Amino acid sequence: MANKKILVVGSANMDLSMNMYKVPEVGETLIDDGGVAYIPGGKGANAAVALTKLGSDCYFCAKVGADLHGQKLYQYYKEIGVNTSYLKVDRENPTGLAVVMKESDGNNRIIVYPGANSNLTVDNINEAFECQPDALYLGFEIPFNIALSAARIAASKGIPIFVDAAPAGKDYPLENLPMLEVFSPNEAETETYTGILPQGTDSALRAALALYKRVKAKYIVIKQGERGAFVYDGKHFFVIPSIRLGKAVDTTAAGDAFTAALTIEYLRSDSIRNAVKYGVAAGAITVTRRGAAASVPTEEEVRALVTKEDLI
Ligand code: RIB
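Residues numbered from 1 in each chain as written. Predicted model: local features only at pLDDT ≥ 70, side-chain atom pairs only at ≥ 80, totals over all residues. Heavy atoms only, no water.

## What about the sheet that holds strand S7 (residues 108–113)?
Ordered in space as S3-S2-S6-S7, the 4 strands form an open sheet in which the pairing is mixed. Each edge of the open sheet carries a strand with a single partner, namely strand S3 (36–41) and S7. Strand-to-strand twist of the sheet, defined as the mean angle between neighbouring strand axes without regard to direction, takes the value 25 degrees. Sheet topology places strand S6 (residues 96–103) next to S7; 6 bridges connect them, and they run antiparallel. The partner of lysine 102 across the bridge, within S7, is asparagine 108. (Pairing = 2+ DSSP bridges. Helix = DSSP H or I, 4+ residues; strand = E, 2+ residues; numbered from the N terminus. Axes fitted to C-alpha atoms, helices over the stretch in contact; angles between N-to-C directions.)

Here it is, written out as structure tokens:
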């Protein structure tokens, strides 16, 4: 069977990743030599790397600056095998930069300077659809109107659309998105969109219903970290529990890996249940590794875990 061709329209960042035993309070200065590094990240790029490692032909439509970070990211994507035909260089803005503050329990706080990501254009996206993808994978770390244009182009061509709804904006006109296959926010993003923090089955169902009223999607999939994933199709819901593989060392990119894995497995199996299980397995492996794009697993690793846990 030929690999699925997936077009990712999203962000590319260089992450300034810092380990710390706790994030500073207001007015506090902390010195912490826990480690610091510049590493490839960005929600779109992490997903593009994951989709490539998980066995798709992934085309990445994004923008980086004409700077060292941009060059390093381009080189990295090439090494992984991400198709960079539609990776554009912005001569006016620097490459997107994310400051990732990682506490010792593996949790993180992230602030993003979007830089070149803000300058992705509808022309860039129109050009990228020349690759004739089997699916569009979309994130919101680019201007919402550009993400909306990408979704509309895909819909006009009958191409299924998978949305990782991150980061969330309270005022995003989600109603304007065309019919989606999957709309997937995490708990915090769900709260931003609906006002409901989905931390148990009842609240997850209420939040999913609220999202379903606003977003035209076949499936709402709420990523709940240690609680697993909650899936709603307009009539029924189910929960896929998370998998624990020892201590979580870094949750960065786990959500990106989850949605990317869900997307490729859904396209291969046409089963949302199997796809979410595969996504949960990919996320579980990702949190055991430090880093962003570099921490996402391969198809062999996810398949081995799925088999070991007897998931599919
Ligand atoms: O989802 C993790 C990513 O969010 C990081 O790599 C950072 O770049 C931000 O975009």
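Additional details are given in the paragraphs that follow.
## Thoughts on the packing of aromatic side chains
Summed over the entire model, instances satisfying the criterion amount to 11 aromatic pairs. With centroids separated by 5.6 Å and ring planes inclined at 90 degrees, the aromatic side chains of phenylalanine 140 and tyrosine 172 adopt a geometry described as edge-to-face. Taken together, the residues span a long stretch of sequence, with phenylalanine 140 in the loop between strand S8 (135–139) and helix H4 (144–156) and tyrosine 172 in the loop between strand S9 (161–164) and strand S10 (180–184) at a distance of 32 residues. Judged by its relative accessible area of 2%, phenylalanine 140 falls in the buried class. Each member of the aromatic cluster is reached from another via a ring pair, and the members are Phe60, Tyr76 and Tyr77. The ring centre of phenylalanine 238 lies 4.0 Å from the NZ or CZ of arginine 273, which sits over that ring. (Phe/Tyr/Trp six-rings, centres within 6.5 Å; stacked < 30°, edge-to-face > 60°. Buried < 20%, exposed > 50% of the residue type's maximum accessible area, 1.4 Å probe, protein only. Lys NZ or Arg CZ within 6 Å of the ring centre and 35° of its normal.)

## Let's talk about the site of the ligand
Among the 13 residues in the neighbourhood of the ligand, the closest are listed as Asp15, Gly42, Lys43, Glu141 and Asp256. At 2.9 Å, a backbone N or O of glycine 42 approaches an oxygen atom of the ligand. Surface burial for the ligand is 96%, taken as the share of its 280 Å² of free accessible area covered by protein chains. Looking at the shell around the ligand, the elements that each hand over two or more residues are strand S2 (13–20) and helix H1 (43–53). Taken together, the residues of the shell around the ligand sort by class into 4 nonpolar, 5 polar and 4 charged. (Near = heavy atom within 4 Å. Polar contact = N/O pair within 3.5 Å; in protein donor to acceptor, adjacent residues only side chain to side chain. Areas by Shrake-Rupley, 256 points an atom, 1.4 Å probe, with all protein chains shown as cover. Nonpolar A, V, L, I, M, F, W, Y, C, P; charged D, E, K, R; others polar.)

## Structural notes on the sheet that holds S9
The strand order across the open sheet formed by 9 strands is S5-S4-S1-S8-S9-S10-S11-S12-S13, and the pairing between neighbours is mixed. Either end of the sheet is taken by a strand with one partner, and the two such strands are strand S5 (87–90) and strand S13 (237–240). With direction set aside, neighbouring strand axes in the sheet form an average angle of 15 degrees. With 4 bridges joining them, S8 and S9 adopt parallel strand pairing. Note on S9: the bridge partner recorded for leucine 136 is isoleucine 161. In this fold H1 packs onto strand S1 (5–9), strand S4 (57–65) and S8, with an angle of close to 155 degrees to the strand it touches most, S4. (Contact = heavy atoms within 4.5 Å.)

## Quick word on the nonpolar core
Ranked by size, the top nonpolar core spans 54 residues in total, and within it Phe60, Tyr77, Val221, Leu262, Ile272 and Val276 carry the most contacts. Of the residues forming this core, the biggest block, 9 residues, is contributed by helix H8 (residues 272–286). Among all residues touching tyrosine 77, those that are not within four sequence positions of it are Ala12, Gly41, Ala45, Val49, Phe60, Val82, Thr84 and Leu87. Residues Val9, Tyr86, Ile153 and Ile159 belong to the second largest nonpolar core, which totals 42 residues. (Core = buried A, V, L, I, M, F, W, Y, C linked by side-chain atoms within 4.5 Å.)

## Overview of the side chain of arginine 214
Topologically, arginine 214 is positioned in helix H6 (residues 201–214). Within polar-contact distance, the side chain of arginine 214 engages the backbone oxygen of tyrosine 172 at 2.8 Å. For arginine 214, the contacting residues outside a window of four places in its chain are Tyr172, Leu174, Glu175 and Tyr193.

## Examining the packing of helix H7 (residues 254–269) against H8
Two numbers describe a pair of packed helices, the interaxial angle and the distance between the axes. Between H7 and H8, whose axes approach to 7 Å, the crossing angle comes to 150 degrees. Taken together, the axis directions place H7 and H8 in an arrangement best described as roughly antiparallel. Seen from above, H7 lies across H8 with right-handed handedness. Where H7 approaches H8, its residues Ala254, Ala257, Phe258, Ala261, Leu262, Ile264, Glu265, Tyr266, Arg268 and Ser269 are matched on the opposing element by Ile272, Asn274, Ala275, Val276, Tyr278, Gly279, Val280, Ala282, Gly283 and Thr286. Looking at the contact of H7 with H8 residue by residue, the class counts come to 13 nonpolar, 5 polar and 2 charged. (Parallel < 35°, antiparallel > 145°, perpendicular 65-115°, else oblique. Left-handed = near helix turned anticlockwise from the far one by under 90°.)

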